[in-house]
There are 2 protein chains.
Amino acid sequence: MVTLKQLAKELGVSISTVSKALNNSEEIGEETVKRVKQLAEQYNYTPNKVALSLKQSKTKTIGVIIPNILNRFLAKVLFGIEREANKHGYNIITCISNESLEKEKEALKLLANGSVDGFVLSVAEETQVNNEIAHFKNTINQGLPIVMFDRVAHDVMCDKVIVDDFDATYNATKSLLNENRIRIAFISDINGLSVGKLRERGYNKAMLESRCEPLVLAVKKKDDHQKKIKAFFKKNRNIDGVIAADSSSGIIALNTAINMGLKVPKDVSVIAFASKSDSYHTLPKLTTIRQHAKIIGAQAAQMLIRRLQNPSVIEDVKTKIVKTSLVKNKSTL
Amino acid sequence: MVTLKQLAKELGVSISTVSKALNNSEEIGEETVKRVKQLAEQYNYTPNKVALSLKQSKTKTIGVIIPNILNRFLAKVLFGIEREANKHGYNIITCISNESLEKEKEALKLLANGSVDGFVLSVAEETQVNNEIAHFKNTINQGLPIVMFDRVAHDVMCDKVIVDDFDATYNATKSLLNENRIRIAFISDINGLSVGKLRERGYNKAMLESRCEPLVLAVKKKDDHQKKIKAFFKKNRNIDGVIAADSSSGIIALNTAINMGLKVPKDVSVIAFASKSDSYHTLPKLTTIRQHAKIIGAQAAQMLIRRLQNPSVIEDVKTKIVKTSLVKNKSTL
DNA sequence: ATGAAAGCGCTAACAA
DNA sequence: TTGTTAGCGCTTTCAT
């Protein structure tokens, strides 16, 4: 890498002259500016990012902590964050907590040493279960703002971007009830998460309002989803609707129903939290609750960057709700 | 953030004493070391990463450029890279090229300004189509090593980690031929990629060896996969086997076959490049070609880190092949 | 219009 | 055993 020093030497001027010339300072003579820029161009000079960061004590880098990159929703949010960050000249440095509290703490600590200007993160499962929040508060107190998305810690004062999980399942369940379904099951493999609980509650509310009895299957990560769901269907022969809190459960439920000789949507309707491409993984195509992951990511990044660029203004923390949409396909009437 | 300066001041010693004490230098008195460490602990001191990077002209950060984070395979590789990097004290800074040559160039340039010590990347589709490699060569000439994985540019001299794509489909096709299938189709939505082509060639070779006529369906990203595949099945009624170059095509092919009243695997066998969790998205469970994405990521990271840590040794570039495995499930005989 | 110098936080060679 | 100093690459204030 070429440095200002080398350019200065070759041009026979001082370092500061070169710096000013490249930054279009008024102080420098037209002729000099031209010479400097030309040589810089020739040598393909770019300012050293690290030196810049040190000097200006900001890195233009956002730390992103994701619980699980294999989760399609989270991957999509990451995509949204990256794109938005890039648009504003920020890079992202990614850590994967793997749903572990310990790794989350580590990542936070590791990056809070000057590597990043702030964080966008979704809380790890273990963290939510143990309700740990000290590490978040610490980080914020160190002057590093955090924006949480999807899985948030409500007791931490920071900006948040969430989904209307409760309303989403409430409305989805309602829509099945309107199809005159009465034995609607709720299947979820994210029962430990805040969002999983909200989704279940929305479902419950709708069911109880219509005097239908809730019927819930909580699948665990280590279970064989297919077996569990098949057994569940066998035990509850009269199921005529399914609300799935995650895409896998939804896809498997639909395919299992068909495998058991049921007609979808004639005998059973299925709705799942899932993405567009997931909906192609079943025949008939799956009716989905879309979370607009990319928008969530973009919003979160935006909130963080705003805060970074107006550090003086002590804004109140905000919580944005990105509404889901129910996209009807052929797995419902 | 506390700095050495502040600690030094409070302790009434010089900055270098503090630095040495914290780095367990032999030079410093036992008593002093204790005092320094205690105060550092109390103030939760961590060395400023940026200053360290500047001083040592290495960042302990790896730049990762991924064409598409929503691709499950690539996401999994990213996971492997991150974990391996972390193990060796490296962070990763992620850019998503979104299959665009321009973004790939940009990312490379942006991070080559001192932000990272080297790159792990998979080549964007557009880059492969246009066969552009100058930006890679530039980066390497600047002294930043690159390790490519999966989609590699063969004409660039650098370490590579690839999959035995050709053999994988050759063997998979053979295994269907051994089931006495004779009308085996190849379905792919990655026809533009180097790996897609290799997969097709492996299939072709096996078919021709058995004097069977190849039958290929190339789906485009923007197509409605379900429609395309259904039409394909209708046009070629006698298909008795499918090799899919990507998981989506495989899942959709299997589900479509069932939807059309065919029995899987009795009438049609299906094999696809896909992950374990994908195999649960069909009933019967999908027979898959596994790429061991995490291992690929870990290997790539390892190769880069090795090179970074032995900069003097000019090793020859290496290409590692991570073998796929054919995991038989219920979609084949 | 140009340059010298200080300083961001850290390490390390050298001096005391 | 401890401190001084230089320097990593850059910006910026203050001379000149």
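Quick notes on the rules
- Residues numbered from 1 in each chain as written.
- Chains lettered and ligands numbered in written order.
- Predicted model: local features only at pLDDT ≥ 70, side-chain atom pairs only at ≥ 80, totals over all residues.
- Heavy atoms only, no water.
- Helix = DSSP H or I, 4+ residues; strand = E, 2+ residues; numbered from the N terminus.
- Contact = heavy atoms within 4.5 Å.
- Domains from an automatic or database assignment.
- Buried area = accessible area lost by both parts, 1.4 Å probe.
- Salt bridge = Lys/Arg side-chain N within 4 Å of Asp/Glu carboxyl O.
- Polar contact = N/O pair within 3.5 Å; in protein donor to acceptor, adjacent residues only side chain to side chain.
- 1 Å grid on protein atoms, 1.4 Å probe; cavity = no way out; pocket = protein on both sides within 12 Å on 5 of 7 lines; lining within 4 Å.
- Points joined across faces, edges and corners; volume = space filled by probe spheres on them.
- Near = heavy atom within 4 Å.
- Nonpolar A, V, L, I, M, F, W, Y, C, P; charged D, E, K, R; others polar.
- Least-squares fit on C-alpha atoms with pLDDT ≥ 70 in both.

- Naming follows an unreviewed UniProt entry, where chain A appears as LacI family transcriptional regulator of Tamlana crocina.

## Here's the deal with the environment of Leu110 of chain A
- By the secondary structure assignment, Leu110 of chain A is in helix H6 (residues 101–111).
- Along the backbone, Leu110 of chain A and Cys95 of chain A are 15 residues apart, and their C-alpha atoms lie at a distance of 9.9 Å.
- Beyond its immediate sequence surroundings of up to four residues, Leu110 of chain A is in contact with Ser115 of chain A together with Asn91 of chain B.

## Considerations on the domain arrangement of chain A
Residues and elements named next belong to chain A.
- One can read the domain layout of chain A as domain 1 (4–47), domain 2 (58–162 + 293–322) and domain 3 (165–290).
- Centre-to-centre, using C-alpha coordinates, domain 2 lies 30 Å away from domain 3.
- The partner domain 3 presents 9 residues to the 8 residues of domain 2 that form the contact.
- Buried surface at the junction of domain 2 and domain 3, summed over both partners, amounts to about 670 Å²; 48% is from carbon and sulfur atoms.

## Some details on the environment of Glu200 of chain A
- Within the secondary structure, Glu200 of chain A is located in helix H10 (residues 194–209).
- Residues Glu200 of chain A and Ala245 of chain A, spaced 45 residues apart in sequence, show a C-alpha to C-alpha distance of 7.9 Å.

## Remarks on the interface of chain B and chain A
- Between chain B and chain A, the residue contacts involve 49 residues of the former and 49 residues of the latter.
- Measuring nitrogen to oxygen at the nearest pair gives 3.6 Å for the salt bridge that ties Glu82 of chain A to Lys103 of chain B.
- The tally of links between chain B and chain A comes to 19 residue pairs in polar contact (both at pLDDT 80 or more).
- Those elements that provide at least two residues to the side of chain B that touches chain A are helix H4 (49–56), helix H5 (72–87), strand S2 (91–96), helix H6 (101–111), helix H11 (225–235) and helix H12 (247–259) of chain B.

## Some thoughts on empty space enclosed by the protein
- For the structure shown, the criterion picks out 2 cavities of 30 Å³ or more.
- One number sums up the size of the largest cavity: a volume of about 220 Å³.
- In terms of lining, the largest cavity is formed by 15 residues, of which the most central are Thr61 and Ser115 of chain A together with Val50, Thr61 and Ser115 of chain B.
- For the lining of the largest cavity, the elements supplying multiple residues, two or more each, are helix H4 (49–56) of chain A together with H4 of chain B.

## Details of the protein's contact with DNA strand C
- In the vicinity of DNA strand C, 26 residues are found, and the nearest of them are Thr17, Lys20 and Lys55 of chain A together with Leu4 and Tyr45 of chain B.
- Sugar plus phosphate, as a fraction of atoms of DNA strand C within 4 Å of the protein: 63%.
- Taking Ser19 of chain B, its side chain carries an N or O atom lying 2.8 Å from a phosphate oxygen of DNA strand C.
- The dominant element in the surface near DNA strand C, judged by the number of residues it contributes, is helix H2 (residues 15–22) of chain B, at 4 residues.
- Of the residues belonging to the surface near DNA strand C, the class tally is 9 nonpolar, 10 polar and 7 charged.

## Some details on the relation of the copies chain B and chain A
- The two copies are related by a screw motion: chain B maps onto chain A through a turn of 180° and a shift of 0.0 Å along the axis, at an RMSD of 0.1 Å. When the rotation and shift are considered jointly, the pair of chain copies conforms to a two-fold rotation axis. Taking C-alpha positions as the reference, the residue of chain B nearest the rotation axis is Ile93 of chain B, at 2.1 Å.

## Points about the protein's contact with DNA strand D
- Taken together, 25 residues lie near DNA strand D, and Tyr45 of chain A together with Ser16, Thr17, Lys20 and Lys55 of chain B sit nearest.
- Within 4 Å of the protein, atoms of DNA strand D come from sugar and phosphate in 63% of cases.
- In this structure, a phosphate oxygen belonging to DNA strand D sits 2.6 Å away from a side-chain N or O atom of Thr17 of chain B.
- One of the side-chain nitrogen or oxygen atoms of Lys55 of chain B is found 2.5 Å away from a base nitrogen of DNA strand D.
- Among the secondary structure elements, those contributing two or more residues to the surface near DNA strand D are helix H1 (4–11), helix H2 (15–22) and H4 of chain A together with H2 and H4 of chain B.
- Element by element, the count of residues in the surface near DNA strand D is highest for H2 of chain A, at 4 residues.

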